[in-house]
There are 4 protein chains.
Amino acid sequence: MTTRTGRHFLNIPGPSPVPDRVMRAMDRQVIDHRGPEFARLGHEVLEGCKAVFQTKAPVIIYPSSGTGAWEATIVNTLSPGDRVLMFETGHFATLWQKMAARWGIEVDFVPGDWRRGADPAIVEAKLAEDREHAIKAVMVVHNETSTGATSRIAEVRRAIDQAGHPALLLVDSISGLGSADLQHDAWGIDVTVSCSQKGLMLPPGLGFTAISEKARAAAKANTLARSYWDWEEMLKPNTDGFFPYTPATNLLFGLREAIAMLLEEGLPQVFARHQRLAAATRAAVQGWGLEVLCEEPSEFSPVLTAVLMPDGHDADAFRKLVLDRFDMSLGTGLAKLAGRVFRIGHLGECNELSLMGALSGVEMGLDAAGIPHQRGGVLAAMTSLRTGRDD
Amino acid sequence: MTTRTGRHFLNIPGPSPVPDRVMRAMDRQVIDHRGPEFARLGHEVLEGCKAVFQTKAPVIIYPSSGTGAWEATIVNTLSPGDRVLMFETGHFATLWQKMAARWGIEVDFVPGDWRRGADPAIVEAKLAEDREHAIKAVMVVHNETSTGATSRIAEVRRAIDQAGHPALLLVDSISGLGSADLQHDAWGIDVTVSCSQKGLMLPPGLGFTAISEKARAAAKANTLARSYWDWEEMLKPNTDGFFPYTPATNLLFGLREAIAMLLEEGLPQVFARHQRLAAATRAAVQGWGLEVLCEEPSEFSPVLTAVLMPDGHDADAFRKLVLDRFDMSLGTGLAKLAGRVFRIGHLGECNELSLMGALSGVEMGLDAAGIPHQRGGVLAAMTSLRTGRDD
Amino acid sequence: MTTRTGRHFLNIPGPSPVPDRVMRAMDRQVIDHRGPEFARLGHEVLEGCKAVFQTKAPVIIYPSSGTGAWEATIVNTLSPGDRVLMFETGHFATLWQKMAARWGIEVDFVPGDWRRGADPAIVEAKLAEDREHAIKAVMVVHNETSTGATSRIAEVRRAIDQAGHPALLLVDSISGLGSADLQHDAWGIDVTVSCSQKGLMLPPGLGFTAISEKARAAAKANTLARSYWDWEEMLKPNTDGFFPYTPATNLLFGLREAIAMLLEEGLPQVFARHQRLAAATRAAVQGWGLEVLCEEPSEFSPVLTAVLMPDGHDADAFRKLVLDRFDMSLGTGLAKLAGRVFRIGHLGECNELSLMGALSGVEMGLDAAGIPHQRGGVLAAMTSLRTGRDD
Amino acid sequence: MTTRTGRHFLNIPGPSPVPDRVMRAMDRQVIDHRGPEFARLGHEVLEGCKAVFQTKAPVIIYPSSGTGAWEATIVNTLSPGDRVLMFETGHFATLWQKMAARWGIEVDFVPGDWRRGADPAIVEAKLAEDREHAIKAVMVVHNETSTGATSRIAEVRRAIDQAGHPALLLVDSISGLGSADLQHDAWGIDVTVSCSQKGLMLPPGLGFTAISEKARAAAKANTLARSYWDWEEMLKPNTDGFFPYTPATNLLFGLREAIAMLLEEGLPQVFARHQRLAAATRAAVQGWGLEVLCEEPSEFSPVLTAVLMPDGHDADAFRKLVLDRFDMSLGTGLAKLAGRVFRIGHLGECNELSLMGALSGVEMGLDAAGIPHQRGGVLAAMTSLRTGRDD
């Protein structure tokens, strides 16, 4: 029997649930995108984004998906034939690498087993080897949405510096921003890529690139043809709060409200909350006797947890049962992880009780699906939450 | 530390959470309450209510709270000096009795310990004694919101019939309708009182009375002054889908949608769902080693569960902790139960995972408050849910 | 052909269009009506209402229609057999008189031709005659929604004082409040009755009574049975921001926002805006060569304008044509005015351009219906608006 | 004095007002973009778009502005060095030409005076001259948003055929689609470009390209690097109702509703309504003694009307006065038309009365600004509306 009463549990690692406050902020008439009211909105969201990216540098807002912001990063900073260093940390790193390849970039793609982040030691070694500075950029995924493993961006930065290498540091924080700490300026990132539908708690439809002065200079020197994604075209009207083409106004209304919510809670509190919920989730996985995909504790994602299925059990059959029976969406295993993992999102508009509801659904689902497990996951999560706070 | 991110858990026994579908149905411009579009709306909700009350009799819809519908029942059917039989099943039965007394009704108020429903045997005995048929009505609360105990209305009806007594049967199903089975016609109820903000999943603001032919005849014969609540004044324009004074149009938009949702799910399925969630909640209470207030298993409420606090522990301090720390509202103990019980609502827009979230909050709250309990409640609830369905 | 694209023009004299801001304020989850967040809401709306009623006295908020607030006024202050003075200023005055009669009140109902307000001279004469002070109250409709004529309440007050009579002054400002100046304290009103769906720009579902100390004392001394409407029962929990029974929470969310909007614009500005729109509407009527129902310029309503149809033409056929063809709702002629007048609402969420749209619809409708008229109404309204402002 | 009560009149030529139905459809939780509910949504909007574009060919939906869809058209079908034929019909034609130039396309840009559409005779002549078929595409703007002049696309198609030339026909119908007749298949268009915020009545954030088999074949043969905009990448998952990257789900909810509204009204009725409103607007302009920018009656836009200011009067000062005083946004003059024209949008969620409100605002604004004009515009518009319908 299908239960369809009550709220759907949207526990995929994005799009994440949209808060009621954000919904209400978006639920209003569009305004003239060339008028004075829009200019105020534009200034507010452009400034507000800086706070969220922890930067004084400009943040570009595109009407696009996060994939569009990937492309913007490539076409502004790189040209066909350029060499870049990337890490096979998972499905999205692989997709970004494929996109780079489509643009004629030569990618040195360091292989990985999809169970941890990029290795700063390899960054340093590879760059130290590159004495001609042929490598134009190091491109790293901050929070791999397909695996639940993060890359330690600050350490990657140090590795680049250690090697005395001028490569740009381009970071995909599509699912990290607003949930996991991401310090564009302090960590010396050149481009941070993100989107609206993860930690920013909006519906999909906005892509972002925060750009350092060095990245901007690289873009100015780059002759690759581009138009929609061109940073300079954006930055000119942005000065007055406007955009070079019609922006996605209602999503900007929502963005203004989402930024306000994040800053009211406080970024450190937001990050701590995600860490607490993630720790409880991993405690649940351990309680069930199952395995978290990410192998490196210092790289556990605060955003999502990918769980390995016991051999002989299909993750997608399990997800379907959970959807049909408990009205909860879990994330599917992507590419080579298909059928082997399911992913639990615990990001954005999420609190302890909604997480416990979700974990109860997983535990009851494991039982209903006849998947070998112990019943102690939910209990372990509650224990974790109890000890994970000091109030 | 207060967690205020994510959805508030509204687990009081009403107002209950409003489904998104109902919210969207109400979020629209008001219309001319004398125009043709309104007439269609009026017909739809007046007919739809009949399905929900399981009756062919008219249902009156007031812009009022449920208390208003109590008053409507009294002033239409009774006069000062009339005798009625009522049962002290809890706080709301007591309030209704007080209201009747204010209207000059002489109430034979059968005392009770607030841990069970009205006793059909007493109904039969009291009516059998009343050979002159001085008792004009038996007034019973179907689902006592203050205690979580129901009264067995069909048995009360049989008791009246057994006594061969012409008394009207007036039933408060304010928190029962739409959650607990309530058959206005089949159970021979003369007036069923209800409201919008419980099983109908709407915001508060509508009161209802379903009225039998016998009740209507009694009202016509009743000379007590009344105006706003007068049934005949309502029934005349209702024939054309209109109302004698401006109706609460946007709540009627929501009512139309809520009725559609209940009928799409199917009333038997709705009632079974409530029973399943209630059983899981009681299993949790037992798992914690705590006591359910309602003592009679055949009278357990499918709508809410009142839980007795261990001696020496204040329920309201516990509720405050749960609100501050887990952003969940639980129902307070009312009148003589103040401080001694808390109430868990599991009605309306509620499903298995949202219930598990709520029960986890209770369990973590008991722990945080240092209230003696066992940690097995959440686990027991999951076990109950597993066995409580046959799909 | 029916045009149904674009916004419906709701130009009845209430319910009036709900502003988007108010819609968004209401479009949110209900909250625990016994919790701390509700207490804040309660305090805000109870205080805010005082500003709108221009009083320091308490304002009672009922989940009811305005008709309920009429009844509340009667049952709190009067008893069967009491004498009151009322004026037949139109349909609603007549309905209120009938309601009073149902409650056993003896009404001295001064006849009128429905083309002007209550006559202060008659008030003074009648009260001066009543040397035993048998008349308990003077009951006047501030803004007759059926006719578009106001009564001069301040002058009525002076007339009572002139006669040295202790009668209460009970005022229906159901469609006046928030649109026409109404000074509960300064004008010495004892009870002001109102509702949500007119100048307060909310959907229907709330009734109000502002009560003077004298009215409250009269109520305390009044032994008439009452419960739902009882002021004292309301005032007790109101002190803490709560209500004696479940309030219509989402309408209160809207009320908070509507009050904020009125105070942001400023009550004098709100009243001036209504006067300006009303003057433009009357200019249009004159421009068409038609007749405004209200005969007394000092009593023209700022809220609505009732227009007399030329002989031999049915107002409802005209209204139907306008609805079908231009998607605009105009107010019908009520009771003895049925078919003879149509009413144009220009209240609440209304501005110069939306009024011009409505007046254009009337002018095109008159043409389409073949009703004798001149085509200068819209032009005259624009001229009026031009001269009616000094910016 | 600024009037800010009542609804803002958004009479720019897009973004156009969003209907309440569409707002409500979007105001809901996002869903899993890889789940079964999304697949149904995807199929519905992809099929529904075909009806609106009047095609059996696939329509690609991007999370982007219309500018993005321009770029998609160029990068899929053209390569650096390709020659195309374009017409300087206004600001947007010029912008598209500049974009093409940025992509290395050699544009034969036929000059124009911004007062009419593309000349089919020139198309035929130019193509007839091009015996080597060096011209790869004819790129035409269907409805020039900056001027209110349309190009006769069917005639352009015939001109291409007359010349026996294989050039692709690429059409920008960004502000035409859903308001002006546009027959992708019957008119032999190869790519039709559009967006969400004009005739589709949605907020901005979606770009569209409808593509013929010939265009698709050209794209497959085209080796220009592209990724985000690549048609084949889109078409693969579209088969199952999915997208290659996260789509703008909530805008798709709105799109489903907007398509339903257009088809319920009927496309011919939608187009006729726009023609009727446009004719009334031009009648008003004539009534004021002002000049419509578009000189060619067969090319008058049904979507917007650009009005020339009398010499010595600044259009933007006038627009500011209208915004401040009447709360209406009019379109600004773009590029070389800056200060010389203002534009009145009459598209999408618009009806006769809302148009009359807008035209009244222009007439009162002309008066308030002291701009020489006659006062007969509003009257002429009403006369036009009277004769422009046959019901």
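Preceding this paragraph is the structure being described.
Residues numbered from 1 in each chain as written. Chains lettered and ligands numbered in written order. Predicted model: local features only at pLDDT ≥ 70, side-chain atom pairs only at ≥ 80, totals over all residues.

(A) Seen up close, the relation of the copies chain D and chain A. Expressed as a screw transformation, the operator carrying chain D onto chain A has a rotation angle of 180 degrees and an axial translation of 0.0 Å, and the superposed copies differ by an RMSD of 0.0 Å. This pairing of chains is accounted for by a two-fold axis. Of the C-alpha atoms belonging to chain D, the one lying closest to the rotation axis is found on Ser64(D), 2.4 Å away. A share of 100% of the interface residues of chain D reappears at the interface of chain A, consistent with the copies meeting face to face through the same patch. (Least-squares fit on C-alpha atoms with pLDDT ≥ 70 in both. Contact = placed C-beta atoms within 7 Å.)

(B) Representation of unusual backbone geometry in the model. Residue and element names in this part refer to chain A. With omega at -5 degrees, the peptide bond leading from Gly14 into Pro15 counts as cis. Of note in this structure, Met201 is not a glycine but carries a positive phi near 65 degrees. Its place among the elements puts Met201 in the loop between strand S9 (191-195) and strand S10 (206-211). A positive phi is found at Asp327, a non-glycine position, where the angle reads about 55 degrees. (Helix = DSSP H or I, 4+ residues; strand = E, 2+ residues; numbered from the N terminus.)

(C) Quick look at the interface of chain D and chain A. Contact with chain D, which involves 42 residues of that partner, is made by 42 residues of chain A. Every element with two or more residues in the side of chain D that touches chain A is listed here: helix H3 (66-77), helix H4 (91-102) and helix H9 (249-265) of chain D. Among the elements that line the side of chain D that touches chain A, the one with the most residues is H3(D), at four residues. When grouped by side-chain class, the residues that make up the side of chain D that touches chain A number 19 nonpolar, 18 polar and five charged. (Nonpolar A, V, L, I, M, F, W, Y, C, P; charged D, E, K, R; others polar.)

(D) Spotlight on the environment of Cys195(C). All names here are of chain C. With respect to the helices, strands and loops of the structure, Cys195 is situated in strand S9 (residues 191-195). In this structure Cys195 comes out as buried when scored by C-beta crowding, with 31 C-beta atoms within 10 Å. With 113 residues separating them in the primary sequence, Cys195 and Leu308 have C-alpha atoms 27 Å apart. Setting aside chain neighbours within four positions, we find Cys195 in contact with Ser65, Gly66, Ala69, Ile174, Pro204, Leu206, Gly207 and Phe208. (Buried ≥ 20, exposed ≤ 12 C-beta atoms within 10 Å, placed from the backbone.)

(E) View of the interface of chain B and chain A. Taken together, the contact pairs 33 residues of chain B with 33 residues of chain A. Of all the elements in the fold, those that place two or more residues in the side of chain B that touches chain A are helix H12 (352-368) and helix H13 (377-387) of chain B. When residues in the side of chain B that touches chain A are grouped by element, the largest group, 11 residues, is from H12(B).

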